[in-house]
Amino acid sequence: MNFKSALSSLRAATRTLYRVLVVFIPFILWILPADFFDTGTSICISKLVTDVECPGCGITRAAQHAWHFDFYTAWKYNKMIVVVGPLLLWLYILELRLSYRYFFDQPSAFPPNQKIED
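Residues numbered from 1 in each chain as written. Predicted model: local features only at pLDDT ≥ 70, side-chain atom pairs only at ≥ 80, totals over all residues. Heavy atoms only, no water.

Enquirer: Would you explain the layout of surface pockets in this entry?
Expert: Where empty space is left in the structure can be found by rolling a water-sized probe over the atoms. Each pocket or cavity is described by its volume, and for the largest pocket that value is around 580 Å³. Along the walls of the largest pocket sit 18 residues, with Ala-63, Trp-67, Gly-85, Leu-88 and Leu-89 positioned nearest its centre. Those elements giving two or more residues to the lining of the largest pocket turn out to be helix 1 (3-31), helix 3 (59-67) and helix 5 (81-104). Among the elements that make up the lining of the largest pocket, the one with the highest residue count is helix 5 (7 residues). Partitioned by chemical class, the residues of the lining of the largest pocket number 15 nonpolar, 3 polar and no charged. (1 Å grid on protein atoms, 1.4 Å probe; cavity = no way out; pocket = protein on both sides within 12 Å on 5 of 7 lines; lining within 4 Å. Points joined across faces, edges and corners; volume = space filled by probe spheres on them. Helix = DSSP H or I, 4+ residues; strand = E, 2+ residues; numbered from the N terminus. Nonpolar A, V, L, I, M, F, W, Y, C, P; charged D, E, K, R; others polar.)

Enquirer: Explain helix 3 to me, please; I cannot follow it from the model alone.
Expert: Counting along an α-helix, one turn takes 3.6 residues, and residues three or four places apart therefore face a common direction. Listed in full, the buried residues belonging to helix 3 are Ala-62, Gln-64, His-65 and Ala-66. Buried residues along helix 3 sit in contact with helix 1, helix 4 (71-77) and helix 5. Immediately beyond the C-terminal end of helix 3, within one or two residues, lies Phe-69, with a positive phi of roughly 60°. (Buried < 20%, exposed > 50% of the residue type's maximum accessible area, 1.4 Å probe, protein only. Contact = heavy atoms within 4.5 Å.)

Enquirer: Please explain the packing of aromatic side chains as it appears in this structure.
Expert: In this description, a pair of aromatic rings is defined by centroid distance and the angle of the planes. Applying the stated criterion across every chain, the model contains 6 aromatic pairs. Note on Phe-36 and Phe-37: the rings are 5.1 Å apart at their centroids and 85° apart in plane angle, and the pair reads as edge-to-face. Here Phe-37 falls in the partly exposed class, since its relative accessible area comes to 31%. Ring-pair connections join several aromatic residues into one group, and the members of that group are Trp-30, Trp-67, Phe-69 and Phe-71. (Phe/Tyr/Trp six-rings, centres within 6.5 Å; stacked < 30°, edge-to-face > 60°.)

Enquirer: Teacher, can you tell me more about the confidence of the model for the chain here?
Expert: Regions with low pLDDT carry predicted coordinates that are not meant to be interpreted in detail. With 88% of its residues at a pLDDT of 70 or more, the chain shows a mean pLDDT of 84. Averaged over each element, pLDDT in the chain is lowest for helix 1 (86) and highest for helix 4 (95). (pLDDT = per-residue confidence, 0-100.)

Enquirer: I tried to follow the packing of helix 3 against helix 5 on my own but got confused; where do I start?
Expert: Helix packing geometry: the angle between the two helix axes and the distance between the axes. Look at helix 3 against helix 5: their axes get within 10 Å of each other, and the N-to-C directions meet at 65°. As helix 3 runs across helix 5, the sense of the crossing is right-handed. In this structure, helix 3 contributes Ile-59, Ala-62, Ala-63 and Ala-66 to the contact, and helix 5 contributes Ile-81, Val-84 and Leu-88. When grouped by side-chain class, the residues that make up the contact of helix 3 with helix 5 number 7 nonpolar, no polar and no charged. (Axes fitted to C-alpha atoms, helices over the stretch in contact; angles between N-to-C directions. Left-handed = near helix turned anticlockwise from the far one by under 90°.)

Okay, structure coming up:
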């Protein structure tokens, strides 16, 4: 096995892992409780350095609550959830379509005219 084929198989494995994660991460977030991200220190640089919340502060917590259909709490954490939530849903649907094409619409690994050598 030469370097090019090893790199090609590594890229294929990475693409496959990415597609599997894209499909399953929202289900993992659904299993976690809605308040999973509510506690802990902030990782926002603006909040840590200047002690001022940026427009994105709380969007992760808001998205987690919206994912659990707790829209009132999501609205309280960050009002941008009305923009970010539908955008994330749209991007997720696009990624699901790409994942479906990746796994189910691929041509056969061995076309009918190609001979398989041992």
